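Geometric and topological summary
What follows is each chain in one-letter form.
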Amino acid sequence: MRSRLFARSVVLSVLTLFFGATWVQRAEAQPRQARGDGAGRVPPTQQRRAVPGHQEVPRDPYLPRQPGQNETSPAGQSFRDGLLSVQVNVDANGENIVGDAANEPSLAVDPNDHNKMVIVWRQFDTIQSNFRQAGNAFTTDGGSSWTFPGVIEPGIFRSDPVVDVDSQGVFYYNSLTTDGNNNFTTQVFKSLDGGMTWGPGVEAFGGDKQWMVIDRTNGIGRDNIYAFWTRFFSICPAGHFTRSYDQGQSFVDCTNIPGTPQWGTLAIGPNGELYVCGDGFVVSRSSTVQDPNAPLQWDLQRNVNLDGSLQFGGGPNPGGLLGQTWIAVDRSNGPNDGNVYLLASVGRNSTPDPLDVMFARSTDGGNSWSAPLRVNDDPGTSAFQWFGTMSVAPNGRIDAIWNDTRNDPGGVMSEVFYSFSQDGGLTWSPNQSISEPFNPLVGHPNQNKIGDYCEMVSDDLGADLAYSATFNGEQDVYYVRITRGLRILFPNGLPDLMAPNEPLDLAVQIEEGSESLIAGSAMLHYRYDGGAFLMTPLAPLGGNLFTATFPPPTCADSPEFFFSAEGSASGIVTQPPDAPARFFSAGVGTRVTIVDMDFETAPGWFAENLGATSGDWERGVPVNDPNWAYDPISDSDGSGQCYVTQNQFGNTDVDNGAVRVTSGVFDLSMGNVAISYDYYLFLTNATGGVDQLTVEISSNDLAGPWVEIARHVTNGDLNWRTHVIDQAALNAAGVNMTTAMRLRFTANDANPQSIVEAGLDALKITTVTCGPAFRPGDLNCDGSVNGGDIDPFFLALGDPAAYAIAFPNCDAQLADMNGDGRVNGADIDPFFACLGGGVCP
């Protein structure tokens with residue numbers, strides 16, 4: 001049985017256990033003005049030393065990237081439900097920087113120009129070191145492209161990035177660092193040009209896990225900056241709150257907040273009042289903070305019930321928070337104006353669910369609060385809904401996002417989910433996945449977490465989100481525009497192949513959201529030759545459904561296309577969002593299966609033991625031992641047999657080493673292949689990737705060299721999962737496609753105390769050919785298997801070269817009747833069985 005992955009405990013208890021019991025003295029800092037010049041340090045009345053073992057101090061040296069380390073790869077992206085996520089931490093050419101890591105992003109949007117945004121993050125130049133710097137990027141085109149101008153202060157340790165923007169469009173970057181004595185301080189950097197350049201840092205006191213907000217109301221507090229942090233890890237002796245009344249030129253000395261909130265955020269009310277929240281779901285309010293001439297008073301402190309507590313460590317983020325507390329205020333001048341909202345990913349008290357996104361609201365300025373409400377709508381109680389994040393649009397709509405493992409029984413593979421409320425949080429929309437799945441356990445930068453938070457900013461037509469994910473196998477920062485306006489969707493998906501010489505009808509759905517579609521504006525834009533895009537209207541089917549009709553392509557064509565429609569409020573919307581700079585593409589041809597193995601017959605594979613004391617690969621029907629709860633219950637495809645590790649009753653997992661199974665020879669010289677297989681992997685230790693299932697390929701039979709093309713390191717419990725390796729991935733791995741290809745699958749156990757059980761089933765290898773699709777046995781390619789195929793069959797069997805000359809538009813691999821990847825005498829009986837009206841491939 002899977003044990004609880006993290007302890008249910010309040011944050012203070014976690015801190016006590018994790019960091020030790022040396023706490024800061026409980027003395028108030030005296031009010032005074034502190035000037036920061038970007039070079040000198042604000043002298044504290046007392047200094048707070050970092051507790052040994054604390055994560056936000058440099059444990060590794062600064063390792064600048066060397067010229068030979070500047071390898072790049074295509075930037076990552078995710079496309080889900082019409083929403084495109086683009087990578088932010090890219091080089092000057094828009095390419096991914098191989099070997100680095102970026103996580104814990106914060107986002108700010110210029111209130112005067114939505115095209116201008118800034119995202120900041122923790123930048124690790126190499127995953128071999130946990131030394132991080134102040135990463136930052138800006139966009140001037142609404143997030144279609146991003147520029148990473150380089151870190152602020154190269155070689156200076158910086159963490160916990162937070163960015164906000166004032167009413168004039170000036171951006172402020174709050175960054176945590178330590179001095180030579182490991183005293184925690186923050187500096188605030190200022191950008192007057194939309195994040196292109198940053199001024200010197202101004203001392204802002206601060207400490208670990210700080211947050212910052214800027215007042216953009218029209219009151220006396222307009223453009224005031226407020227910040228707070230965890231009081232136990234701060235340069236201040238006991239304070240954990242500061243503010244600036246002069247646009248970040250100086251910060252008032254530290255003071256306390258009643259209830260000592262930490263690991264939370266801040267929000268501004270309609271009248272400039274400040275709300276602060278934190279662990280324990282404490283909410284504090286000050287109605288005088290905006291006035292520099294009035295005494296700072298905190299007029300409210302409440303503890304809100306969210307049916308649980310924040311969680312630290314375990315699950316999909318072993319070394320970090322699984323979410324902080326978010327507070328937001330409705331400033332819409334609508335029916336919910338002044339409502340205060342609280343949201344967090346919560347380890348529940350009333351259910352065994354590890355994490356749910358929980359929400360509560362106050363309609364009286366934070367004085368009283370509603371009962372907790374669950375936002376995520378998954379039916380089970382085993383998924384992690386982590387990094388719950390909230391923002392409120394100017395029109396009062398509440399947006400919420402989180403990372404969600406509901407579609408991975410192993411509780412690791414995560415997708416970003418979204419929900420919104422139009423009625424002040426009383427009801428929420430059905431949850432919507434807005435990203436492809438990603439594995440948060442890969443790409444760790446010598447620090448086993450993917451950060452502690454992400455951030456979202458809402459407007460009337462949607463929301464802008466910065467988050468971390470591993471779509472390209474590394475930790476990177478991504479941006480996605482979540483639109484509530486016009487959206488162009490594809491209910492049946494997009495084609496990756498078009499049949500030659502045939503038109504293609506594609507279903508298109510246009511959701512109007514909060515605006516209306518301009519009649520007749522829905523268009524397909526296409527080109528087949530790399531020239532100018534042609535345009536044709538989408539045919540309305542009624543409601544929000546349309547048909548896009550592509551003209552017939554030829555085998556020489558390279559179809560590229562995008563879609564557009566005009567909304568009454570947002571204007572012309574395209575899909576992809578930044579078309580025509582980015583567009584969709586498809587190949588021309590037909591997918592043909594060349595290998596299809598269900599392992600019901602012996603495929604000519606062999607197993608090896610690489611030093612393990614148990615767990616050898618065997619082919620058979622899984623025994624489903626009721627006293628050993630780690631083996632698969634059955635095979636994957638329902639045929640009966642599969643490959644599993646030691647298919648016997650009792651304790652049969654792989655122990656103290658590795659076991660391997662190697663395939664027979666496949667002819668994949670035709671290229672353009674896709675390798676698909678179902679795999680089973682039960683791991684009781686899914687941390688660090690030491691217990692794993694690796695997949696390798698050789699282009700030279702058993703002589704190798706062997707190239708790794710997949711590595712599986714997550715626990716799937718009792719579930720089979722499917723993995724596909726396409727030709728692009730094989731090309732990226734440097735695999736040469738030949739007539740003598742082999743695959744091998746290796747299950748490894750690095751710790752005899754852990755359990756490793758693996759399985760393999762439903763192997764398919766396909767290729768794409770352009771021209772008519774022929775099935776195995778149709779050796780003369782006339783569309784049917786009959787007597788006319790007998791002579792071609794034996795020609796392909798005995799002299800493939802002569803067959804290729806006699807039938808240049810066919811493939812000798814069509815004589816592989818038993819699906820083992822080879823054409824030989826074993827195919828004769830299956831061929832005549834098919835010819836006689838029996839079972840055909």
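Preceding this paragraph is the structure being described.
Calculation rules
- Residues numbered from 1 in each chain as written.
- Predicted model: local features only at pLDDT ≥ 70, side-chain atom pairs only at ≥ 80, totals over all residues.
- Heavy atoms only, no water.
- Phe/Tyr/Trp six-rings, centres within 6.5 Å; stacked < 30°, edge-to-face > 60°.
- Helix = DSSP H or I, 4+ residues; strand = E, 2+ residues; numbered from the N terminus.
- Buried < 20%, exposed > 50% of the residue type's maximum accessible area, 1.4 Å probe, protein only.
- Lys NZ or Arg CZ within 6 Å of the ring centre and 35° of its normal.
- Pairing = 2+ DSSP bridges.
- Axes fitted to C-alpha atoms, helices over the stretch in contact; angles between N-to-C directions.
- Core = buried A, V, L, I, M, F, W, Y, C linked by side-chain atoms within 4.5 Å.
- Disulfide = S-S within 2.5 Å.
- Contact = heavy atoms within 4.5 Å.
- Salt bridge = Lys/Arg side-chain N within 4 Å of Asp/Glu carboxyl O.
- Arc of directions from axis to C-beta.
- Parallel < 35°, antiparallel > 145°, perpendicular 65-115°, else oblique.
- Left-handed = near helix turned anticlockwise from the far one by under 90°.
- Polar contact = N/O pair within 3.5 Å; in protein donor to acceptor, adjacent residues only side chain to side chain.

Another aspect to go through is the packing of aromatic side chains. Here the structure, examined in full by the defined rule, presents 43 aromatic pairs. On the numbers, 5.1 Å between centres and 90° between planes, the contact of Trp-211 with Tyr-453 is edge-to-face. Of this pair, Trp-211 sits in strand β13 (residues 211-214) while Tyr-453 is found in the loop between β29 (432-433) and β30 (455-459), placing the two residues 242 residues apart along the sequence. You'll find Trp-211 and Tyr-453 in the same group, each marked buried. Three or more aromatic residues joined by ring pairs make a cluster, and in this case those are Phe-79, Phe-490, Phe-550, Phe-561, Phe-563 and Phe-584. Here the basic side chain of Arg-406 rests over the ring of Phe-417, its NZ or CZ set 4.2 Å away from the ring centre. Its end group placed over the ring of Phe-583, Arg-527 keeps NZ or CZ at 5.0 Å from the ring centre.

Now for the sheet that holds strand β8 (residues 133-139). If you trace the 3 strands from one edge of the open sheet to the other, you get β6-β7-β8, paired in antiparallel fashion. Bordering the open sheet on either side are β6 (101-109) and β8, each of which pairs with just one other strand. This sheet shows a mean twist of 25° between the axes of neighbouring strands, independent of strand direction. Of the pairings in the sheet, the one linking strand β7 (residues 117-124) to β8 comprises 7 bridges and is antiparallel in character. By the bridge assignment, Gln-123 is partnered in β8 with Gln-133.

Within a regular strand, the side chains alternate between the two sheet faces. In terms of burial, strand β31 (residues 462-469) is largely enclosed, as 8 of its 8 residues are buried. The side-chain alternation of β31 yields two buried faces, one formed by Gly-462, Asp-464, Ala-466 and Ser-468 and the other by Ala-463, Leu-465, Tyr-467 and Ala-469. One ladder, built from 5 bridges, connects β30 with β31; its direction is antiparallel. Note on β31: the bridge partner recorded for Asp-459 is Gly-462. Counting the residues in the hairpin turn of β30 and β31 gives 2 residues. Where β31 meets strand β32 (residues 476-483), 8 bridges bridge the pair, whose relative direction is antiparallel.

A word on the nonpolar core. Within the largest apolar cluster, 43 residues are counted, with the highest numbers of intra-cluster contacts made by Tyr-226, Phe-241, Leu-266, Leu-274, Phe-359 and Met-390. Grouped together as the second largest cluster of nonpolar side chains are 37 residues, Trp-617, Leu-681, Leu-683 and Ile-765 included.

The 4 strands lie next to each other as β26-β27-β28-β29, forming an open sheet whose pairing is antiparallel. In the strand order of this sheet, the two ends are held by β26 (385-392) and β29, each with one partner. Across 7 bridges, strand β27 (residues 398-404) lies against strand β28 (residues 415-421) in antiparallel orientation. Looking across to β28, one finds that Asn-403 is bridged to Val-416.

Another point: the state of the cysteines. In the structure shown here, the tally under the stated rule is 2 disulfides. Disulfide pairing is shown between Cys-236 and Cys-254; the S-S distance is 1.7 Å. Of the two residues, Cys-236 sits in the loop between β14 (225-228) and β15 (241-244) while Cys-254 sits in the loop between β16 (250-252) and β17 (266-268), which places them 18 residues apart along the sequence. Both residues of the pair, Cys-236 and Cys-254, count as buried. One disulfide bridge connects Cys-555 with Cys-770, the sulfur atoms lying 1.9 Å from each other. Handedness here is read from the sign of the S-S torsion; for Cys-555 and Cys-770, about -95°, the answer is left-handed. One end of the pair, Cys-555, is in the loop between β39 (545-550) and β40 (560-567); the other, Cys-770, is in the loop between β54 (756-769) and α3 (790-798), and 215 residues separate them in sequence. Of all cysteine sulfurs, the one in Cys-277 lies closest to Cys-454, which takes part in no disulfide; the gap is 15 Å. For Cys-454, a relative accessible area of 3% puts it in the buried group.

Turning next to the side chain of Thr-694. Along the chain, the position of Thr-694 falls in strand β50 (residues 692-698). Those residues in contact with Thr-694 that lie beyond four places of it in its chain are Glu-708, Ala-710, Arg-711, Arg-744, Phe-745 and Thr-746.

A few words on the pattern of salt bridges. Within the structure shown, the criterion is met by 25 salt bridges. The salt bridge involving Asp-378 is made with Arg-374; its shortest N-O contact spans 3.8 Å. Overall, Arg-374 belongs to the partly exposed group, its relative accessible area being 31%. Through salt bridges with shared partners, a single ionic network connects Asp-307, Arg-348, Asp-356, Arg-374 and Asp-378.

Further remarks concern α3. Within the sequence span of α3, burial applies to Pro-792, Phe-793 and Ala-796. Angularly, the buried residues of α3 cover 105° about the axis, an arc narrow enough to put them on a single face. In α3, the exposed positions angled more than 90 degrees off the buried face are occupied by Asp-791 and Gly-798. For α3, the secondary structure elements touched by its buried residues are α4 (800-806) and α5 (828-835).

Attention now moves to the environment of Pro-352. Mapping Pro-352 onto the fold places it in the loop between β23 (340-348) and β24 (356-362). Take Pro-352: its relative accessible area is 56%, and that puts it in the exposed class. Taking the C-alpha atoms as reference, Pro-352 lies 41 Å from Tyr-172; in sequence the two are 180 residues apart.

Before going further, it helps to examine unusual backbone geometry. Cis peptide bonds are those with omega within 30 degrees of zero, and the linkage from Gln-575 to Pro-576 qualifies with 5°. By the element assignment, Pro-576 lies in the loop between β41 (571-575) and β42 (584-585). At the junction of Gly-704 and Pro-705, the peptide bond is cis and its omega measures out at 5° in the coordinates. For Pro-705, the location among the structural elements is in the loop between β50 and β51 (706-712). Here the phi dihedral of Asp-160 falls at roughly 50°; this positive angle occurs in a residue that is not glycine. Structurally, Asp-160 is set in strand β9 (residues 159-165). Overall, the relative accessible area of 0% leaves Asp-160 in the buried class.

Across 4 bridges, the pairing between strand β3 (residues 77-80) and strand β4 (residues 83-87) is antiparallel. The partner of Arg-80 across the bridge, within β4, is Leu-83. The loop that links β3 with its antiparallel partner β4 comprises 2 residues; one of these, Asp-81, has a positive phi angle of about 55°.

Time to look at the packing of α3 against α5. Where α3 contacts α5, the axes come no closer than 12 Å and their chain directions differ by 165°. The pairing of α3 with α5 is recorded here as roughly antiparallel in orientation. Of the two possible hands of crossing, α3 and α5 adopt the one that is right-handed. Contacts between α3 and α5 involve Ile-790, Phe-793, Phe-794 and Leu-797 from the first element and Ile-828, Phe-831, Phe-832 and Leu-835 from the second.

With respect to the element layout, Asn-89 can be found in the loop between β4 and β5 (96-97). Within polar-contact distance, the side chain of Asn-89 engages the side chain of Asp-476 at 2.8 Å.

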